[in-house]
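Architecture at a glance
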Amino acid sequence: MEPLPDYLSTNKELWNKRTDVHVRSDFYDLPGFLDGKNSLKEIELRLLETVQDKQILHLQCHFGQDTLSLARMGATVTGVDLSDAAITLANELAIQSGLEKKARFVCCDLYSAPNHLEGVFDTVFTSYGTIGWLPDLDKWAAVVNHFLKPGGSFVMADFHPVIWMFDDNIKEIIYSYFNTQTIVEETTGTYTDGGSDIRHTSYSWNHPLSEIVSSLTAQGLQLRVFQEFDYSPYNCFSNTIEKDGRFYIRGMEGKLPMVYAFKFFKPL
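The model shown is predicted, which means the values in this text are computed figures rather than measured ones.

Aromatic ring pairs: the centre-centre distance and the angle between the two ring planes describe each pair. What the rule picks out here adds up to 21 aromatic pairs. Considering the side-chain rings of W15 and Y191, the 6.3 Å spacing of their centres and the 55° angle between planes classify their relative orientation as tilted. A residue pair is termed long-range when its members are at least 10 positions apart, and W15 in helix α1 (residues 7-22) and Y191 in the loop between β6 (183-188) and β7 (199-204) qualify at 176 residues. W15 gets classed as buried once you look at its relative accessible area, which sits at 14%. Between the aromatic rings of F27 and Y234, the centroid separation amounts to 5.6 Å while the plane-to-plane angle is 20°, which identifies the pairing as stacked. Of the two residues, F27 sits in the loop between α1 and α2 (30-34) while Y234 sits in the loop between β8 (222-229) and β9 (240-243), which places them 207 residues apart along the sequence. The rings of W15, F27, Y28, F63, Y128, W133, F159, W164, Y191, Y234 and F237 are connected pair by pair, giving a single aromatic cluster. Positioned above the aromatic ring of Y234 is the side chain of K41, whose terminal nitrogen or guanidinium carbon lies 4.8 Å from the ring centre. Lying over the aromatic face of Y111, K139 brings its terminal NZ or CZ to 4.3 Å of the ring centre.

Attention shifts here to the packing of helix α6 (residues 137-147) against helix α7 (residues 209-217). Between α6 and α7, the shortest axis-to-axis distance is 8 Å and the interhelical angle comes to 45°. As far as their axial angle goes, α7 and α6 are oblique. Between α6 and α7 lies a crossing whose hand is right-handed. Facing α6, whose interface residues are L137, D138, W140, A141 and V144, α7 presents E211, I212, S215 and L216. For the contact of α6 with α7, the residue count by class is six nonpolar, one polar and two charged.

Now for the packing of α1 against helix α5 (residues 84-96). Axis separation between α1 and α5 bottoms out at 7 Å; the angle between their running directions is 40°. One finds that α1 runs oblique with respect to α5. Judged by residue contacts, K12, N16 and T19 of α1 engage D84, A85, A86 and L89 from α5. In terms of residue class, the contact of α1 with α5 is made up of three nonpolar, two polar and two charged.

This paragraph deals with the pattern of salt bridges. Side chains that differ in charge, positive against negative, can pair when their charged atoms come close. All told, the structure shown has seven salt bridges when counted by the stated rule. Note that K17 and E13 form a salt bridge whose closest N and O atoms lie 3.9 Å from each other. Residue K17 and its partner E13 are both found in helix α1; the two are separated by four residues, about one turn of the helix. The class of K17 is partly exposed, set by a relative accessible area of 32%. Close ionic contact of D122 with K149 constitutes a salt bridge, the shortest N to O distance being 3.1 Å. Of this pair, D122 sits in strand β4 (residues 121-127) while K149 sits in strand β5 (residues 148-159), and the two are 27 residues apart along the sequence.

When you tally the buried positions in helix α4 (residues 65-72), you get seven out of eight residues, the bulk of the element. What α4 keeps buried is the set Q65, D66, T67, L68, S69, L70 and A71. One or two residues past the end of α4 sits G74, with phi positive at roughly 110°.

A word on the pairing of β5. Within β5, nine of the 12 residues are buried, which leaves it mostly tucked inside the rest of the structure. In the sheet, β4 pairs with β5 via six bridges, with the strands oriented parallel. By the bridge assignment, T123 is partnered in β5 with S153. Since β4 and β5 lie parallel, the crossover through α6 that links them has a hand, and here it is right-handed. Examined bridge by bridge, β5 and strand β11 (residues 259-265) share seven bridges and lie antiparallel to one another. The residue bridging S153 from the neighbouring strand is F265, located in β11.

Of note in the backbone geometry, E49 takes a positive phi value of approximately 55° without being a glycine. With respect to the helices and strands, E49 occurs in the loop between α3 (42-48) and β1 (55-59). Look at E49 and you get exposed, because its relative accessible area is 54%. Although it is not a glycine, D53 adopts a positive phi angle of roughly 65°. Among the secondary structure elements, D53 is positioned in the loop between α3 and β1. D53 gets classed as exposed once you look at its relative accessible area, which sits at 62%.

Conventions and cut-offs
Residues numbered from 1 in each chain as written. Predicted model: local features only at pLDDT ≥ 70, side-chain atom pairs only at ≥ 80, totals over all residues. Heavy atoms only, no water. Phe/Tyr/Trp six-rings, centres within 6.5 Å; stacked < 30°, edge-to-face > 60°. Helix = DSSP H or I, 4+ residues; strand = E, 2+ residues; numbered from the N terminus. Buried < 20%, exposed > 50% of the residue type's maximum accessible area, 1.4 Å probe, protein only. Lys NZ or Arg CZ within 6 Å of the ring centre and 35° of its normal. Axes fitted to C-alpha atoms, helices over the stretch in contact; angles between N-to-C directions. Parallel < 35°, antiparallel > 145°, perpendicular 65-115°, else oblique. Left-handed = near helix turned anticlockwise from the far one by under 90°. Contact = heavy atoms within 4.5 Å. Nonpolar A, V, L, I, M, F, W, Y, C, P; charged D, E, K, R; others polar. Salt bridge = Lys/Arg side-chain N within 4 Å of Asp/Glu carboxyl O. Pairing = 2+ DSSP bridges. Right-handed = clockwise from strand over helix to strand, strands pointing away.

Below, the structure is given as structure tokens:
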């Protein structure tokens, strides 16, 4: 087993830099969000179903647009993220949106969340570009289970591990599907703005579907829904074409899994 790098401080600095760019990007459309636009996508909304009056924990929430969207839908929500810049912004947005009584935010790395947050939740939720920043999914699944009340649900939508096998241009497979190594990259720009002047090291890990599912079932959680999709609801990859708000890799339409989604339940 390779020694674990100091990924927390490095990735935190990266996401602090990205937050400053993301908040000003068309990708996140902050003016539209503040005007009432729901940032959640159809894939996760179908799995979340009714959120009115539910207590929801949103893991790796970035600067909280999805968290606050859930609050607008009637849930009481707690968002957790590593980036202090993102959490500061999330708290500001909660006040601007009049949702400070329905949404709160905690800044900590995911593994230490039980040391910073008490209670259990009806739903634990995470989505899009989250677990690839975590080296150990057994520890991650234990955190999910820790916060999930008996009878509660864990809902997750994320980019498919197959898509992370490719280079940035989605032309050549350069990474293993399996979690065989720490992926160290010198990144330039960010997915909202490839031309930005962000240059920083990042550490990430590719997790196959078997690893994700096994880590959760080992905690006693029961898989109820498993879905795969041949499109992305976000235009965050290279060489895409758009059809009705769905983004496909050009020349691979209908052939490449781009997103998966799960719903697990915790037995009573």
